[in-house]
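For reference, the chains in residue letters:
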Amino acid sequence: MSEFREVFSKAKHIAIITGAGVSAESGVPTFRGAGGYWRKWQSQDLATPEAFSRNPSRVWEFYHYRREVMLTKDPNPAHLAIAECEARLSKQGRSVVVITQNIDELHKQAGSKHVLEIHGSLFKTRCISCGNIAENRTSPICPALEGKGAPDPDTDDAKIPVENLPRCDVNHCNGLLRPHVVWFGETLDSDILTRVEEELEICDLCLVVGTSSIVYPAAMFAPQVAGRGVPVAEFNMESTPATNRFK
């Protein structure tokens, strides 16, 4: 730990890579793994372009539920410590960037200013017609979803007509909106990835916090930094597949 303190005290550009483990203490459900079901499905069954094309009402019920749950959650001490670190170091002319796989926006709520959300956000929408991306924390996101999205296995689908699902209000577009998140089978936003690469190129210390380092391409970020001789510190409850690659 003393070695880490010394490295940390000298670092000018710190990259912090975070995953679901950071938000666990805030009670954020992941819908993955044992018991991680919404009704009869796990997230990989619903978070795909194909699922949205087949049944946009069901997928929007799922995301409406997740949005409503997240509106009741608060940043935990990990989020707050990261935000405080950024604020303190910025006064010293040092930079901190948070590169997160999370879509819950809890880093921003905690006060982090420099956040790159590589998987998007629950509180942004994208129009499938005009492509407009917009922040949206409206609850419910549209009248037809009010009271919908219950996670119980015996809950019937609401079967909301597509015209009553969230729609784009830019220039009378009225196109169907989708959550602005990266679904299974989709590639990451190239602009975000470029910014991530730029940060990884200049960072002189990398912290890995609450991520299993098994989801690509994020799993390669820390090993990539370590490969050019930059110190990497891992903060996880247990070893991950990438732990040995940091030494």
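This write-up is about the structure you can find in this document.

Parameters at a glance
Residues numbered from 1 in each chain as written. Predicted model: local features only at pLDDT ≥ 70, side-chain atom pairs only at ≥ 80, totals over all residues. Heavy atoms only, no water. Pairing = 2+ DSSP bridges. Helix = DSSP H or I, 4+ residues; strand = E, 2+ residues; numbered from the N terminus. Axes fitted to C-alpha atoms, helices over the stretch in contact; angles between N-to-C directions. Contact = heavy atoms within 4.5 Å. Salt bridge = Lys/Arg side-chain N within 4 Å of Asp/Glu carboxyl O. Buried < 20%, exposed > 50% of the residue type's maximum accessible area, 1.4 Å probe, protein only.

1. A look at the sheet that holds strand β7 (residues 205-209)
Then step 1. Strand order in the open sheet formed by 5 strands is β3-β2-β1-β7-β8, and the pairing between neighbours is parallel. Edge strands, defined here as strands with exactly one partner in the open sheet, are β3 (115-117) and β8 (232-235). Going across the sheet, the axis of each strand differs from the next one's by a mean of 15°, ignoring polarity.
Then step 2. Two strands pair when backbone bridges link them, and strand β2 (residues 95-100) and β3 are joined in this way by 3 bridges, in the parallel orientation. Looking at the pairing, T100 lines up with E117 of β3.
Then step 3. In this fold helix α1 (residues 2-10) packs onto β1 (13-18), β7 and β8, with an angle of close to 125° to the strand it touches most, β7.

2. Considerations on the pattern of salt bridges
Then step 1. The full count for this structure, using the stated rule, is 8 salt bridges.
Then step 2. Among the salt bridges present, the one from K10 reaches E6, with a minimum N-O distance of 3.2 Å. On the criterion of helical spacing, the pair formed by K10 and E6 is a turn pair, its members being 4 residues apart in helix α1.
Then step 3. On the basis of relative accessibility, which here comes to 45%, the residue E6 falls in the partly exposed class.
Then step 4. In this structure, R39 and E61 form a salt bridge, with 2.8 Å as the shortest nitrogen-oxygen distance. With R39 in the loop between α2 (20-23) and α3 (43-46) and E61 in helix α5 (residues 56-70), this residue pair connects regions lying 22 residues apart in the sequence.

All quantities given are derived from atomic positions and should not be read as evidence of function.
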